[in-house]
Amino acid sequence: MIHNSGMDPFGELGVDLSSSELRETAYEILVGACRSSGSGRRLTYVSSSNLKERSQQQSQTHKSAASKVKKALGLKPKKKKKSSGEEEDEPDRKSLGELMRVQMRVPEQTDSRIRRGFLRVAAGQLGRRIESMVLPLELLQHFRSSDFSSEREYEAWQRRNLKILEAGLLIHPHVPLDKSLTAPQRLRHILHAASEKPIDTDKHSESMLVLCNVVTSLACRSFDGSTSDICHWADGIPLNLHLYKILIEACFDVNDEASVVEEVDDVLDQVKKTWVILGIDQVFHNLCFLWVLFHQYIATGETENDLLFAVDHMMVEVVKDADLAYDPKYSKILSSTLSLILDWADKRLSQYHEFFHRVNIDVMQSVLTIGVSAARVLMDISREYDKKRKEVDVACSRVDAYIRSSVRNTFSQEREKLITSRKSSKNQQSPLPLLCLLAQNICDMAFNEKEIYSPILKTWHPHATSVAVATLHACYAKELKKFVSSINELNPEAIQVLLAAEKLEKDLVDMAVADSLDSEDGGKSTIQEMTPYESQAVITNLVKSWIQTRLDRLREWVDRNLQQEDWNPQVNKGRFAPSAVEVLRIVDETLEAFFLLPIPIHPVLLPELIGGLDRCLQKYIIMAKSGCGSRVSFISPLPALTRCATGSKFRAFKRKDRSLSGPGRKSQVYNRDGDDLFSVPRQCFRINTLYNIRKELESLERRMVANLKNNGLAHDVNAGNGNFSLSIASSMEGIRELSEAIAYKVVFHDLSHVLGDYLYLGEVSSSRVEPFLEELEQNLEIISVTVHDRVRTRVIIDVMKASFEGFLLVLLAGGPSRAFSVQDARMIDEDLKSLSDLFWSNGDGLPADVIDKVSAAVRGVVSLFETETESLVEKFKHVSLGSNEVSAVAKWRPPLPPTTGQWSATDPNTILRVLCHRNDKIASKFLKKTFDMPKKI
């Protein structure tokens, strides 16, 4: 029978009664109840000689009608066991009485004594109903020590019956004891005395008379205080439930505790006859039967699923009873019974992945039904005591909790399994990080959940799959968060994990959405519960950090190496600065490393990387051209206008380097190159470097487009935003600035001794342009050899522009020491032609049309030098006053025309300057009279 498993919903008896003593009492009640109901024949002893014949008759009856109880409970027929040499015929059956004796494990000797005792009771109580008797009291009066094998056995039997009276009348009375009663105290005194010395049970003895009076007065009480003919001695809770449970247990085969006997219908019929004594009704019977079935399933190792299915069926009846029963005592026992069952179900359902699998999923169905039913009844009971208790969907909420608990537990087990596996195979590690493997396994878990468990769980929770995947999502989120917090920099493992997390999240969200489409909110609540992993955001931040680190290194490198660069083409073998070659190599390698990153968002982050690299390169370019000067830095401010005065020592071009003087001084450009950081060769070397940067960046942009195209990302809207526009534009501007700086440095600085300090100083015929042309040609040769052929023409054009401008400044702003006559115009024109021919170089130099275009303004100015003074004065007056005629007033004095620097034959300031340098009295008188212009400054 049932072994003690530590579970008892009926409560403690409070009396020292062993299970065998309780079983013997229950058997006595059963025999008495059956005899009283007129079925004594069925419990009459049957000799072994007649047993086979009766068993065969009963066997035919059982074959003709299947057990109604088994059918109702869904119990399958008991499998027949056949040993070797045994025929297949059904074995002999016992009579029902014999079956009950065997099932309750009552020895034949004890059974005979009990039946003899009831014969004596019946003889003395003719016509008296069993419920009007106190059976232990009756039996105490009709048994003597001679009925037992020993005095010791008799005394033990007597003590048992007295303990039963104590339990039924004093500890668990059906009608509560009134404090004013004296009988309880008297009975306690008798029981205490009996524990020291057996009672004289002769029915005429004084002790027996006193016991009978006390017991009868207690047993025959009623709730209204009147005396009843019904005795209440075994119908108090929980004594009656303990006894009745023993009787119900007789339904289980004593030789096979997992099976219900074939005669279960008859057994229950007999057991129900004890209701009148034990105060049991159908609802208590159903509750006890539920508990016994459940307890038997537990006691037999939870392997007999038939018993569990029977519990499931019986629970249906108990739930019906609970809706109709309002007895507080019943509710209390019901609550304790269902609480134990629910606790058991909770433990299994909270870890249903561990207990249930595809092969026994029907068991999970029953456990769920049992657990949910118990929970619903318990909720109803609690609501009766607490009217304010909020009504909730018990089934849905509990199943929700089961799913989350079991999924979390399974996730933890899977994680630990992977960790253990990884530790045990250190030398054969999987190429995938642990969280990648975990993500794959979670995805499998989710699909298994949907296929195996959700169909069962959906009976009580319509969105069971959504709850499971949301829980898995949350479990993985915790692991992912810890992993992300430990990442210091971008690495392949981090990318693998984040991409695996992104895929897992997509699969889980898709499952949740599909499962929740028919919900009231369309699955929004479930999706909101699944806080996004934001893998792409994490990847983006990591890549941005990766980009920032490399940009910081590149900026640091640019600062450090540009300070060491000497820009000397004679020292460097190549035509470009080594620092530029190196910075372009770093940029190229950075881009290559970026495209090798295993991320799907190259186009999104490429503009940020290119932008950073572009700014670094722009910084390099700006630093490379810094300090090289400009047009303004090499041209001195124009001197004040004055009349020419031959012999004046005023130097037209003010120079900081006062050592560079003397009309015959040769250029020392070759000797200065090693010392001058901004010499022409070094400046040309910078131009080459900037041109190479531009060319390489354009090539790099083409390679990026090809790379994006190979990855199928050429048409991404972000891809077009990544280019080196700043660096390319800065390099082009740098080339322009450096080219202009070279030109004006050569003309106005390096060749100032043959231009500003010599050309046309004094007599024109003795200070012609040839020295300037000779040294200019030397510089042009240096430029032609040094500057890249794709940039050379631009630099030479800038030198030509500077040369023409310098030529003009000598003519127009050469100071009072330069005086020209109309006759000098021919030589000036010849010098201008020589200067132009230098750049034309017999067709090997610049195109003639380019030279003509640049020199047009110079030729116009030179034409003024050929004009007579009177005509110049009239022309000046005309351009100064516009179309108005010159006033005849002698005191006419026009304003001094502003210097615009736009020299031309029609510019008033240009004409005025020609007059200032005209070496004749008419010009001097006009200037003195009109502008009061002195001859000296």
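Bear in mind that the values here come from a model prediction, so they are computed numbers and not experimental data. (Residues numbered from 1 in each chain as written. Predicted model: local features only at pLDDT ≥ 70, side-chain atom pairs only at ≥ 80, totals over all residues. Heavy atoms only, no water.)

Student: Help me get a handle on the overall build of the protein chain, residues and values and all.
Tutor: When helices and strands are tallied, the protein chain shows 36 helices and two strands. Put simply, the protein chain has 937 residues, and 52% of those count as buried. Residue pairs in contact within the protein chain that sit at least 24 positions apart in sequence constitute 78% of those at least 6 positions apart. Surface exposure of the protein chain reaches about 45,200 Å², of which carbon and sulfur atoms provide 51%. (Helix = DSSP H or I, 4+ residues; strand = E, 2+ residues; numbered from the N terminus. Buried < 20%, exposed > 50% of the residue type's maximum accessible area, 1.4 Å probe, protein only. Contact = heavy atoms within 4.5 Å. Areas by Shrake-Rupley, 256 points an atom, 1.4 Å probe, with all protein chains shown as cover.)

Student: Which residues make up the packing of helix α24 (residues 578-596) against helix α25 (residues 602-625), and what are the values?
Tutor: Viewed as axis vectors pointing N to C, α24 and α25 meet at an angle of 170°, and their least axial separation amounts to 11 Å. When the axes of α24 and α25 are compared, the pair comes out roughly antiparallel. When α24 is examined against α25, the residues Ser 579, Ala 580, Val 583, Leu 584, Val 587, Thr 590, Leu 591, Phe 594 and Phe 595 are found in contact with a partner set consisting of His 602, Leu 605, Leu 606, Leu 609, Ile 610, Leu 613, Leu 617 and Tyr 620. Class assignment for the residues of the contact of α24 with α25 results in 14 nonpolar, three polar and no charged. (Axes fitted to C-alpha atoms, helices over the stretch in contact; angles between N-to-C directions. Parallel < 35°, antiparallel > 145°, perpendicular 65-115°, else oblique. Nonpolar A, V, L, I, M, F, W, Y, C, P; charged D, E, K, R; others polar.)

Student: I'd like to hear about the side chain of Glu 24, residue by residue, with values.
Tutor: One can find Glu 24 in helix α1 (residues 19-36). Only 3.2 Å separates the side chain of Glu 24 from the side chain of Arg 160, close enough to count as a polar contact. Excluding anything up to four places from it in sequence, Glu 24 contacts Thr 110, Arg 113, Trp 157 and Arg 160. (Polar contact = N/O pair within 3.5 Å; in protein donor to acceptor, adjacent residues only side chain to side chain.)

Student: Tell me about the packing of helix α31 (residues 789-813) against helix α33 (residues 848-865), and please be specific about residues and values.
Tutor: It is the contact of α31 with α33, at a shortest axis distance of 10 Å, that shows an interaxial angle of 5°. The angle between the axes of α31 and α33 places the two elements in the roughly parallel class. Contact with α31, carried on its side by Ile 797, Met 800, Lys 801, Phe 804, Phe 807, Leu 808, Leu 811 and Leu 812, involves Val 850, Ile 851, Val 854, Ser 855, Val 858, Val 861, Val 862 and Phe 865 of α33 and no other residues of that element. Considering only residue class, the contact of α31 with α33 consists of 14 nonpolar, one polar and one charged.

Student: Describe in detail the pattern of salt bridges, supporting the description with residues and values.
Tutor: Inspection of every chain in the model, using the stated rule, returns 43 salt bridges. A salt bridge links Glu 589 to Arg 585, with the shortest nitrogen-to-oxygen separation between them at 2.4 Å. Highlighted residues: Glu 589 and Arg 585, both in helix α24, separated by four residues, approximately one helical turn. Through salt bridges with shared partners, a single ionic network connects Glu 24, Glu 28, Arg 113, Glu 153 and Arg 160. (Salt bridge = Lys/Arg side-chain N within 4 Å of Asp/Glu carboxyl O.)

Student: Outline the packing of aromatic side chains, supporting the account with residue identities and numerical values.
Tutor: Enumeration according to the criterion identifies 23 aromatic pairs in this entry. Site record: aromatic cluster; members linked through ring pairs are Phe 143, Phe 148, Tyr 154 and Trp 157. (Phe/Tyr/Trp six-rings, centres within 6.5 Å; stacked < 30°, edge-to-face > 60°.)

Student: Run through the nonpolar core, naming residues and quoting values.
Tutor: The biggest cluster of nonpolar side chains holds 286 residues, and the ones touching the most others in it are Tyr 476, Phe 594 and Phe 724. When residues in this core are grouped by element, the largest group, 15 residues, is from α31. Excluding residues within four positions of it along the chain, Tyr 476 makes contact with Phe 411, Leu 435, Cys 436, Leu 438, Ala 439, Ile 442, Val 497, Ala 501, Leu 504 and Tyr 533. (Core = buried A, V, L, I, M, F, W, Y, C linked by side-chain atoms within 4.5 Å.)

Student: Before we move on, can you summarise α1 with the specific residues and values?
Tutor: The terminal C-alpha atoms of α1 lie 25 Å apart, and with 18 residues this matches the ideal 26 Å at 1.5 Å per residue to within 8%. Most of α1 sits inside the fold, with 14 of its 18 residues counted as buried. (Expected span 1.5 Å × (residues − 1).)

Student: Lay out unusual backbone geometry in plain terms, naming residues and giving numbers.
Tutor: Glycine aside, a negative phi is what most residues show, and trans is what most peptide bonds show. The amide bond that connects Ile 237 to the next residue, Pro 238, takes the cis arrangement and shows omega of 10°. With respect to the secondary-structure elements, Pro 238 resides in the loop between α9 (206-219) and α10 (239-249). Despite not being glycine, Tyr 760 has its phi angle at roughly 60°, a positive value. Relative to the helices and strands, Tyr 760 is located in the loop between α29 (725-750) and α30 (770-786).

Student: Lay out the pairing of strand β2 (residues 256-260) with the relevant residues and their values.
Tutor: Burial analysis of β2 places four of its five residues in the buried class, which makes it a mostly covered element. By the bridge criterion, two bridges tie strand β1 (residues 252-253) to β2 in an arrangement that is antiparallel. Note that in β2 the partner of Phe 252 across the bridge is Val 260. Where β1 hands over to β2, the hairpin turn is made up of two residues, counted between the paired strands. (Pairing = 2+ DSSP bridges.)

Student: Run through α30, naming residues and quoting values.
Tutor: For α30, built from 17 residues, the straight-helix expectation of 24 Å at 1.5 Å per residue is met to within 8% by its first-to-last C-alpha distance of 24 Å. Residues of α30 that are buried include every one of Phe 772, Leu 773, Glu 775, Leu 776, Asn 779, Leu 780, Ile 782, Ile 783 and Thr 786, and no others.

Student: Lay out the side chain of Glu 131 in plain terms, naming residues and giving numbers.
Tutor: Here Glu 131 shows up in the loop between α5 (108-124) and α6 (135-142). The exposure class of Glu 131 is buried, given its relative accessible area of 11%. Among the polar contacts made by the side chain of Glu 131, one reaches the side chain of Arg 129 at a distance of 3.2 Å. Those residues in contact with Glu 131, other than ones at most four positions away along the chain, are Asp 229, Ile 230, Cys 231 and Val 276.

Student: Outline the confidence of the model for the protein chain, supporting the account with residue identities and numerical values.
Tutor: Counting all residues, the mean pLDDT for the protein chain is 86, and 86% of those residues have values of 70 or more. Below a pLDDT of 50 lies the segment residues 82-92, which in the model reaches six contacts outside its immediate sequence neighbourhood of four places, other chains included. (pLDDT = per-residue confidence, 0-100.)

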